[in-house]
Amino acid sequence: RRWMARGLPSLLSSAFALTLPAEALVTTLAAPRRGMAALAAAGDTGALASTLLDTRPYTAPDWAEALQAPNERVELGRLPTPIHKWPVPLLEDLGVQWWIKRDDLTGFELGGNKVRKLEFLLAEAKAGGYDCVVTIGGIQSNHCRATAAAARMLGLPSYLILRTSEPDKDPGLVGNLLFDRMLGAEIRTVTPEEYGRVGSARLGEMLVEELRGAGLKPYLIPVGGSNSLGTWGYLEGVRELQTQMPAVQGLTDGRFDHVTFACGSGGTAAGIGLGMHLSGLGQRGTKVHAVGVCDSPSYFYKFVDDEILPGIGHSLPCSESWLRVIQGRGRGYAVSTPEELDIIKRVCETTGVLLDPVYSGKALYKFCETAKGSPEEFAGKSILFWHTGGGFGMYDKAEQLMTILPEGKVKRMVV
């Protein structure tokens, strides 16, 4: 436990960074830098600490200036995240070219895509004088763990509502839960039935009301940080991608043919999809594929159209015209099949990139199955897999993973 608490985050971050080939450096250096990245590039290490956690004015991309943009963001992420060629052993018979954008390297204990959203959400929390944060998710929620870490660094305690089939039992210290508890987060448990009956929004409001009654001023963040404000994290992410693409060698017309990623709560899909549309990349031919790992495609289209777009001042056209949502739920949310776990193992042992079983691993598996079913659409194309992080979810699958790992790799050393 002591080793995991102190050494695991830095060890994993260092190991992942070492997997980056030279192309990652080229595309990252080609992008405009801000915050930590800018100071590091300039060698200004003395100012580095003062930039992280600073709140700064925000200006939307030119192509998004008609939207209702936030005024500021807080510096949380190690941005821009690198793009590099990805020699993944998948769809080889279709002759596709793979690249990967490493949002698993955004920082905050492998916070993944959540960090981009939290930059805007926690800026609002700071500006509004809130003194604690409330959010909600599954028992192994990456979002809740990333929120607890970022909020704690900003001096805000966290209250997490976690969904579990054993609400009266101590949840333990596996995966994300270890960091939730090390960060001092207060955890309230509910059953999946209670979650479905009451709804995530109302559960959050109930805890907010309780905390207000205790004299606190809580800031409520929805599931996955997915609301209109959080969506700006990935509108800004598309601007980042635009600045990197000119340095990527081998692209047709200077763009990717397909961009794909995992979709769990809808905010990342809304930001990337709308950003690609407004920036003109979609009109130039780049297709956006969000692989839903929980709800149906119709749910996500409705959520984006009814909940996300009105709040940022965009109404037409509907999301289905610029975003394709693929049903990738499989056997269920956070339930892995042997085929999904096998693809995670193969990718990790051949490329050094770890995918998680709940989001990115499921997404890659289902995207490849979709491509195999429509070879004429994907043959010979360039594909960018936008990695959304979530590595700590692997610990919850340790027993299942043991069944697919090769034997004979661990031996007693003769001394």
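Thresholds applied
Residues numbered from 1 in each chain as written. Predicted model: local features only at pLDDT ≥ 70, side-chain atom pairs only at ≥ 80, totals over all residues. Heavy atoms only, no water. Helix = DSSP H or I, 4+ residues; strand = E, 2+ residues; numbered from the N terminus. Expected span 1.5 Å × (residues − 1). Buried < 20%, exposed > 50% of the residue type's maximum accessible area, 1.4 Å probe, protein only. Arc of directions from axis to C-beta. Contact = heavy atoms within 4.5 Å. Pairing = 2+ DSSP bridges. Right-handed = clockwise from strand over helix to strand, strands pointing away. Axes fitted to C-alpha atoms, helices over the stretch in contact; angles between N-to-C directions.

This part is about helix H9 (residues 200–213). With 14 residues, H9 should cover 20 Å at 1.5 Å per step; its first-to-last C-alpha distance of 20 Å lies within 8% of that length. The complete set of buried residues in H9 reads Leu203, Gly204, Leu207, Val208 and Leu211. Angular distribution of buried residues about the axis of H9 spans 135 degrees; they occupy a single face of the element. Facing away from the buried side of H9 by over 90 degrees, the exposed positions are Ala201, Arg212 and Gly213. For H9, the secondary structure elements touched by its buried residues are strand E5 (132–138), strand E6 (158–163), strand E7 (186–190), helix H8 (192–198) and strand E8 (218–220). A positive phi of about 90 degrees marks glycine 215, the residue just after H9.

The side chains of a regular strand alternate, first on one face of the sheet and then on the other. With 6 of 6 residues buried, strand E9 (residues 258–263) lies mostly within the body of the structure. For E9 and strand E10 (residues 287–292), the ladder comprises 6 bridges, and the chain directions are parallel. What sits directly across from valine 259, in E10, is valine 288. As for the winding sense of the linkage, the β-α-β connection from E9 through helix H11 (residues 267–279) to E10 is right-handed. Relative to strand E12 (residues 382–387), E9 runs parallel, the two being bridged by 3 bridges. Residue threonine 260 lies in a different strand from E12, and its bridge partner there is phenylalanine 385.

The linkage connecting leucine 79 with the following residue, proline 80, adopts the cis geometry, with an omega of 0 degrees. Examined against the element boundaries, proline 80 turns out to sit in the loop between strand E2 (72–74) and strand E3 (83–85). With phi around 60 degrees, leucine 91 is a residue other than glycine that occupies positive phi space. For leucine 91, the position within the fold is in the loop between E3 and strand E4 (97–102). A residue is classified by how much of its surface remains accessible, and leucine 91, at 6% relative accessible area, is buried. Phi is positive for alanine 334, close to 65 degrees, though the residue is something other than glycine.

Turning our eyes to something else, we now look at the sheet that holds E6. Strands sit in the order E7-E6-E5-E8 across an open sheet of 4 strands; the sheet is parallel. Each edge of the open sheet carries a strand with a single partner, namely E7 and E8. The mean inter-strand angle of the sheet, taken between neighbouring strand axes irrespective of direction, is 25 degrees. As defined by bridge partners, E6 adjoins E7 across 5 bridges and the pair is classed as parallel. Pairing of leucine 160 across the sheet is with isoleucine 187, part of E7. Lying over the sheet, helix H6 (residues 142–153) contacts E5 and E6, oriented at roughly 165 degrees with respect to E5.

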